[in-house]
Amino acid sequence: MSDVTYDLVVIGAGPGGYVAAIRAAQLGLKTACIEKYPTLGGTCLNVGCIPSKALLDSSEHFDHANHAFASHGIKATVELDLPTMMKRKDGVVRDLTRGIEGLFKKNGIERVLGTARIAAPGAVEVTGPEGTRMLHAKRILIATGSKPASLPGIAFDGRRIVHSTDALSLPEVPKKMIVIGAGAIGLELGSVWRRLGAEVLVLEYLDRIVPGSDLGTAKLLQRALEKQGMKFRFGVSAKGATVEGETVTVEVAPAAGGDATTETCDVLLVAVGRRPYTEGLGAAEAGIRMDARGRIEVDAHWQTSIPGIFAIGDVIAGPMLAHKAEEEGVACVECMTGLPGHVEYGSVPGVVYTWPEMASVGMSEEDAKAAGREIAVGTFPFLANGRAKAMGERDGHVKIVADAKSDRILGAHIVGPRASDLIAELVLAVEMGASSEDVARSFHAHPTLPEAVKEAALAVAKRAIHI
Ligand code: FAD
Ligand code: NAI
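Predicted model, so just to flag it, every value in this text is computed and none were measured.

**Quick word on unusual backbone geometry**
With an omega of 0°, the peptide bond between Trp355 and Pro356 qualifies as cis. That bond from His446 to Pro447 is cis: its omega, -5°, falls within 30 degrees of zero. Tracing the backbone shows Pro447 in the loop between α12 (436-441) and α13 (451-460). Phi angles above zero are rare outside glycine, and Val210 is one such case at about 40°. With respect to the helices, strands and loops of the structure, Val210 is situated in the loop between β10 (199-204) and α7 (215-227). Using a relative accessible area of 13% as the deciding quantity, one classes Val210 as buried. Within the chain, Lys462 stands out as a residue other than glycine whose phi angle is a positive 55°. Counting through the fold element by element, Lys462 comes out in the segment after α13.

**A word on the domain arrangement of the protein**
Taken domain by domain, the protein holds domain 1 (5-147 + 275-343), domain 2 (161-272) and domain 3 (348-460). The C-alpha-based centres of domain 1 and domain 2 are spaced at 28 Å. Of the residues lining the interface, 16 residues belong to domain 1; the matching set on domain 2 comes to 15 residues. Buried surface at the junction of domain 1 and domain 2, both sides included, amounts to about 1,200 Å², of which 67% is carbon and sulfur. When the area that domain 1 buries against domain 2 is broken down by residue, the three leading residues are Val47, Leu56 and Leu82, summing to 33%. In this assembly, domain 1 and domain 2 are joined by 2 salt bridges.

Each value, and the rule that gives it
- Residues numbered from 1 in each chain as written.
- Chains lettered and ligands numbered in written order.
- Predicted model: local features only at pLDDT ≥ 70, side-chain atom pairs only at ≥ 80, totals over all residues.
- Heavy atoms only, no water.
- Helix = DSSP H or I, 4+ residues; strand = E, 2+ residues; numbered from the N terminus.
- Buried < 20%, exposed > 50% of the residue type's maximum accessible area, 1.4 Å probe, protein only.
- Domains from an automatic or database assignment.
- Contact = heavy atoms within 4.5 Å.
- Buried area = accessible area lost by both parts, 1.4 Å probe.
- Salt bridge = Lys/Arg side-chain N within 4 Å of Asp/Glu carboxyl O.

Quick look at the structure:
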């Protein structure tokens, strides 16, 4: 047993936990961070955001070489080297996770390898390669994240029926991949394998892709993905799947009820969401209150029902996003030290890194109408943007939803090239309470993609120039 009492023990080194640990160290707290895997960075760096984006970037190059180079006057013979593509992805992950080790050292954070269990408020038992030890802490921060959700009747086997982690490392390109779920994971990883040569069919329970996002904008993305060859079946639910040899047979029933039919493929990717992860943590035994979906309940300062124990990130309510976990980590630790930590949940951006990308912030047109807001909407297509034209990008738009009276921007929704970067300006606009006039009157360098943002802001007052 160690005699040290830490000011803060963080459980989990994902983007929530490791960022909170760094902020705590900056604020002078003696901090330890427990992680059960040998690499830091959690889901995001090891099996989430980073490896998926590495494969999206690589597969996009392959796709461009196959389909876009010719129109630029470049003749190329292209061949896929999947092992090298995977090695590159693993290298990107390795460099970034090692980078966090460096940040921990620089900030004097003690890294503890092992699985944590809350023994009592202020006491965390860690079981690792060197046995079991107890850490004492004035405060505990739970940042244990989430794991892929499964469906009844569909058991993962890691080869033919897979979740996102397996789909980041398939040994060969499937001939046909069926994806269950048209959310971010299904569309991103479906895109990767489609670009590399797989036929991809997405089965979705609802009647649309990316539920919760602005409908008109999601429709544009759906159309663009369909043009690329991705197929969709909406209003269906996968009821079961069996593997025989190299073939997976999926039982597909109408969501509204009725007879099931079958579809076959050689890889089935189940991407129907993620569940909060608290297994073995001892949270329930410690009396920490959870909601019906297994998420840890917290108050406005991210404190659980047990004083001195806090929780952030995927393991609590809210969007399961790395930047949301990070902001909560920072704000939670700041509140612990008496600073006014705050997270503006109304301006959390959401991005789907397909090509074109989809990015949004704030209220969709449907949300705003449902809330009884009187709105003015401005849209501008990339077809009319000079830089997009030069790039050969024709799909998508920028859409700004503003309050009709005050002109304050309530939400913004983009499908288009580098939407993930373009949304940053509008996140700041929503956060700062800016009006569409503010954005419209700001300089936007010419010729750039952000000019489409300016034009959409002008379009709110029906005075776009280039359309
Ligand atoms: P996690 O990152 O899940 O980290 C939790 C850590 O806690 C893990 O390392 C785990 O091993 C550790 N842990 C759990 N229990 C214990 C225990 N008892 N003892 C010790 N350690 C423990 N989000 C985005 O914003 N952008 C993206 O582009 C994006 N892409 C994604 C792509 C994929 C394929 C997936 C699966 C997710 C993606 N996400 C993305 C979501 C993002 O990864 C999560 O929202 C984010 O990682 C949550 O951070 P976290 O710190 O709450 O938890
Ligand atoms: P999701 O919740 O975003 O989407 C799941 C989809 O599956 C929904 O459209 C749902 O209607 C559908 N579905 C559920 N059950 C079904 C069934 N039986 N049959 C057919 N369809 C069914 O979950 P996803 O894509 O797995 O992502 C998990 C989390 O990871 C999300 O919270 C997401 O925010 C995060 N993530 C974020 C990324 C990003 O920011 N770019 C990338 C990848 C993941």
